[in-house]
Structure formats: C-alpha cells, structure tokens
Amino acid sequence: MDRTHAAFQRLLDEYGPQRWWPAETEFEVIVGALLMQQTAWANVERAIANLRDAGLLDVHALAAASPSTIRRHVRVAGLYRTKPPRLKAFCRHLVDTCDGDLAAYFDRPTDVVRADLLAQPGVGPETADSILLYAGRHPVFVVDAYTIRIGTRLGLFTTQAYDAVQRHFETHLTRDPDAYREFHALLVTHAKSLCRPRPKCGECPLLGACPFGRRQRS
Ligand code: SF4
C-alpha cells in the first residue's frame, strides 16, 4: 500500500473518525476559519458563541454590523484590530457576489472559488482551503504546520512549501473530500497527542514506518 495512504489508515485505526469540522453550519465553518489565525480553537469557539448569542452568526447580519460591534463579540479570538473588519468585509463580499447564498458561492469550479477566496483580505492558502474543504466540500487538501511536521518526519516529502505538500497528498490519496477531511483532522490529533515538537515515538502507531522516530530511539 502507498505509504501516505497506509499512514492515513493507521491513524484512522488508532484514533477513529474525527468527523471535522466542529461546526453546526457551513457559515460557522467560514467564521471559524477566518478567526483561527494565531489563537487557540477554544477562543474561536467562544467568539462564535458570542456572535450566536448576539444574533450575529449570519452572513447578512455580519455584513451589516459595524466593526466595533463585531469587535465586542470576537475580541476573545485576538487580533482585534484586523479580524473584525476582515470578517465584515468577507461577509459583505458574500452578499455582493451571491446574496449570501453559500451553495451558489461554492457551486463553481474549485480553482475559481479558491482564487476568489485568496483575493479576500487576510485569507491565505490554509484558510482558503479550510473553507473550500469543510464548508464547500471541494476536494482540496488542507496543509498546516502539523501536516508538514508529521509528513517530513515520516519521510513522505522533504519540502515545506504549501503547494508542494498539498500536491503530495492530493496525488497519493483518492480525490475525496471526506478522506481529505478525515486525514487532515487525524494529523492534527496525532500532532497534538504524540507527534509533538518533542515526540512520544515509543507510543506511536507509525513508528515502524517513521525514519525520524527510529532515529530518535536508536
Ligand atoms: S514515530 Fe515519532 S516522529 Fe514518527 S510520526 Fe510517530 S511520534 Fe511522530
């Protein structure tokens, strides 16, 4: 079996299905992805709960709200000078392009939606691909620091370049949004539990296939 696919299967056997993204709606995925930068997920969850309680977890409501109003509710997610205006601008863009209809927004070729996302303020490749995969069900693999850490340790690739790492996963896995979601989530779980900066290789189900891990233990 292909090594990348085998790693996916071992992690799935170890941790079970992760069923990401932890959100109730596609719009909530988008808000979460836009608030994620440089903060812990728990803070994003609190910011989303604040927006929900205030009746603002809605594309039209956020597009119409003032940045200072949004700031009051999402301050807990940090970067409070940049995140509120970016959140508002993104929602404004969704209203302008598709009247806030997410199904219509995502119902275009992947490269067209990706280019549009990347053109929005504060949206980089990881945020754009998270939105595409988890809110739009487009088959793009999300790359993050955890993906790169585990993949390089396993010797799956040597590059740290976003596009090259993404290409690796997209050419070694079946083109399936559900598989991409699961593997990305499993990599995050594994990076937080065992493949940490100081890894616990002795407990790792991937040790037999991991050159880095074997070097650690020799
Ligand atoms: S063996 Fe160690 S370095 Fe390799 S994937 Fe497991 S925890 Fe990470």
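All values reported here derive from a predicted model rather than from experimental measurement.

Asker: Tell me what's going on with the side chain of Thr147, and back it up with residues and numbers.
Answerer: Here Thr147 lies in helix H10 (residues 145-154). Within the local environment of Thr147, its side chain forms a polar contact with the side chain of Asp144, the two groups lying 2.6 Å apart.

Asker: Can you break down H10 residue by residue, with the values?
Answerer: Of the positions making up H10, those classed as buried are Thr147, Ile148, Ile150, Gly151, Arg153 and Leu154. Where the residues of H10 are buried, they touch helix H1 (3-15), helix H11 (162-172), helix H12 (177-193) and helix H13 (211-217). Immediately downstream of H10, the backbone of Gly155 shows phi near 75°, a positive value.

Asker: Go over the site of the ligand, please, and point to the residues and values.
Answerer: Taken together, Arg153, His190, Leu194, Cys195, Pro199, Cys201, Cys204, Leu207, Cys210, Phe212 and Gly213 are the residues near the ligand. Placement of the ligand is best described as lying within the largest cavity. Split by residue class, the shell around the ligand holds 8 nonpolar, 2 polar and 1 charged.

Asker: Lay out the pattern of salt bridges in plain terms, naming residues and giving numbers.
Answerer: Charged atoms that come close allow side chains of opposite charge to pair. For the structure on display, the rule yields 4 salt bridges. Residue Arg52 is joined to Glu28 by a salt bridge in which the shortest nitrogen-to-oxygen separation is 2.9 Å. Taken together, the residues Arg52 in helix H3 (residues 41-53) and Glu28 in helix H2 (residues 26-35) connect sequence positions 24 residues apart. Of the residues examined, Arg52 reaches a relative accessible area of 36% and is grouped as partly exposed. By relative accessible area, Glu28 is classed as buried at 8%.

Asker: Any details on empty space enclosed by the protein? Residues and values, ideally.
Answerer: A complete count under the given rule lists 2 cavities of 30 Å³ or more for this structure. In this structure, the largest cavity occupies an estimated 110 Å³ of space. The wall of the largest cavity is formed by 15 residues, among which His190, Cys195, Cys201, Cys204 and Cys210 lie closest to the centre. Where the lining of the largest cavity is concerned, the elements lending two or more residues are H10 and H13. Here the element with the most residues in the lining of the largest cavity is H10; it accounts for 3 residues. For the lining of the largest cavity, the per-class residue count stands at 11 nonpolar, 2 polar and 2 charged.

Parameters and conventions
- Residues numbered from 1 in each chain as written.
- Predicted model: local features only at pLDDT ≥ 70, side-chain atom pairs only at ≥ 80, totals over all residues.
- Heavy atoms only, no water.
- Helix = DSSP H or I, 4+ residues; strand = E, 2+ residues; numbered from the N terminus.
- Polar contact = N/O pair within 3.5 Å; in protein donor to acceptor, adjacent residues only side chain to side chain.
- Buried < 20%, exposed > 50% of the residue type's maximum accessible area, 1.4 Å probe, protein only.
- Contact = heavy atoms within 4.5 Å.
- Near = heavy atom within 4 Å.
- 1 Å grid on protein atoms, 1.4 Å probe; cavity = no way out; pocket = protein on both sides within 12 Å on 5 of 7 lines; lining within 4 Å.
- Sits in = over half its atoms within 2 Å of the grid points.
- Nonpolar A, V, L, I, M, F, W, Y, C, P; charged D, E, K, R; others polar.
- Salt bridge = Lys/Arg side-chain N within 4 Å of Asp/Glu carboxyl O.
- Points joined across faces, edges and corners; volume = space filled by probe spheres on them.

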